[in-house]
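# Working through the structure, step by step
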Amino acid sequence: MPVIKLKAIAVMLGWMLLALPGLAAPVCVTDDLGAEVCLDQPAKRIATLSPGATELVFAAGAGDKVVAVVNYSDYPEAARKLPLVGNHTRIDLEALLAHKPDLVITWRTGNPPAQMEMLRALGLPMFAIEPRTFEGVSKAIEQLSILAGTEQEGFAEAERFRKGIAKIAEQYRDAEPIPVFYQVWQTPLMTINDDHLIGKVVQLCGGVNVFGDMPRLVPRISAEVVLEADPHAIITGSVEGIEDNQLDRWKSYAGMSAVAKNNLFFVPASPISRPTPRLLEGSRDICQRLDVARDR
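Residues numbered from 1 in each chain as written. Predicted model: local features only at pLDDT ≥ 70, side-chain atom pairs only at ≥ 80, totals over all residues. Heavy atoms only, no water.

## Structural notes on the state of the cysteines
Each disulfide is one covalent bond, formed between the sulfur atoms of two cysteines. Summed over all chains, the structure comprises two disulfides. The disulfide that involves Cys-28 links it to Cys-38, with 2.0 Å between the sulfurs. Taking the sign of the S-S torsion, about 115 degrees here, the bridge from Cys-28 to Cys-38 comes out right-handed. One end of the pair, Cys-28, is in strand E1 (residues 27-30); the other, Cys-38, is in strand E2 (residues 36-39), and ten residues separate them in sequence. Looking at Cys-28, the relative accessible area reads 35%, which means it is partly exposed. The disulfide that involves Cys-205 links it to Cys-287, with 2.0 Å between the sulfurs. Note on the Cys-205 and Cys-287 pair: the S-S dihedral is about -80 degrees, so by sign convention the disulfide is left-handed. Here Cys-287 lies in helix H11 (residues 279-295) and Cys-205 lies in the loop between helix H7 (197-204) and strand E10 (207-209), a separation of 82 residues in the sequence. Take Cys-205 and Cys-287: they sit in the same class, and that class is buried. (Disulfide = S-S within 2.5 Å. Helix = DSSP H or I, 4+ residues; strand = E, 2+ residues; numbered from the N terminus. Buried < 20%, exposed > 50% of the residue type's maximum accessible area, 1.4 Å probe, protein only.)

## Quick notes on the sheet that holds strand E4 (residues 66-68)
The four strands are arranged E4-E3-E7-E8 in an open sheet whose pairing can be described as parallel. Of all strands in the sheet, those bounded by a partner on one side alone are E4 and strand E8 (126-129). Ignoring strand direction, the axes of neighbouring strands in this sheet form an average angle of 30 degrees. Pairing analysis gives four bridges linking strand E7 (residues 103-107) to E8, with the strands arranged parallel. Across the sheet, residue Thr-106 finds its bridge partner in E8, namely Ala-128. Packing against the sheet, helix H2 (residues 51-59) makes contact with strand E3 (46-48), E4, E7 and E8, and its axis sits at approximately 140 degrees to E3. (Pairing = 2+ DSSP bridges. Axes fitted to C-alpha atoms, helices over the stretch in contact; angles between N-to-C directions. Contact = heavy atoms within 4.5 Å.)

Here is the structure:
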């Protein structure tokens, strides 16, 4: 029998074997801890242990497979109706196990290590996420879609996000640089460095993060160093981007450039603070605020 024909038969037999129940090839991906995660078959019951993880699973086209979430998993709207198993810093393990997940999506640095070790000891498949780059967001969506068997939807969404970020990058490639202070928290006063995704958004929009070179991802700072840095724009996140009292402390420093130019801005907190496709929305919000600051 000709060699070519033998090869064709071998390939056909291989596909036939994969189609048989229980003989499908395992699906394997590498998570943000560098661990290889393999499933014998695509996940059918997924638990997500951070609001960002919930959004990413829905973005991957696997929202109908999610059986449990944590507090503040409020996007998309369907996530609000899912059973809660605590919050990201304290998981109700009994409630989680009662939902019989075959895949748990964890937050690399946000979930309690001791509880994560307990879940590992129980043998639950776990996939840790914490994208630190725009490409990391797209990659996370693709990997989740592989684990859930929803590659068509997930890869399409990942590419949409890539193209959206690339479009913004092109639009602001030659934008006038503007010094920016992003306030994460009021008390204690906290900001972000350039390794943080919010820092990367500031750079994407042509901003210069005045604390970008600080060693910690989310450093604590003093009001004095903010005054010394003299940002031309101060931005913070709030519910729906509605102005509140978070930036009131700066209004008494009339000599600071951001205050003198009335460049104290609020953006919706969730889109900018979660490593999900809504970063496109969050990026546009910050870019628009910086455009206003440039005009002033």
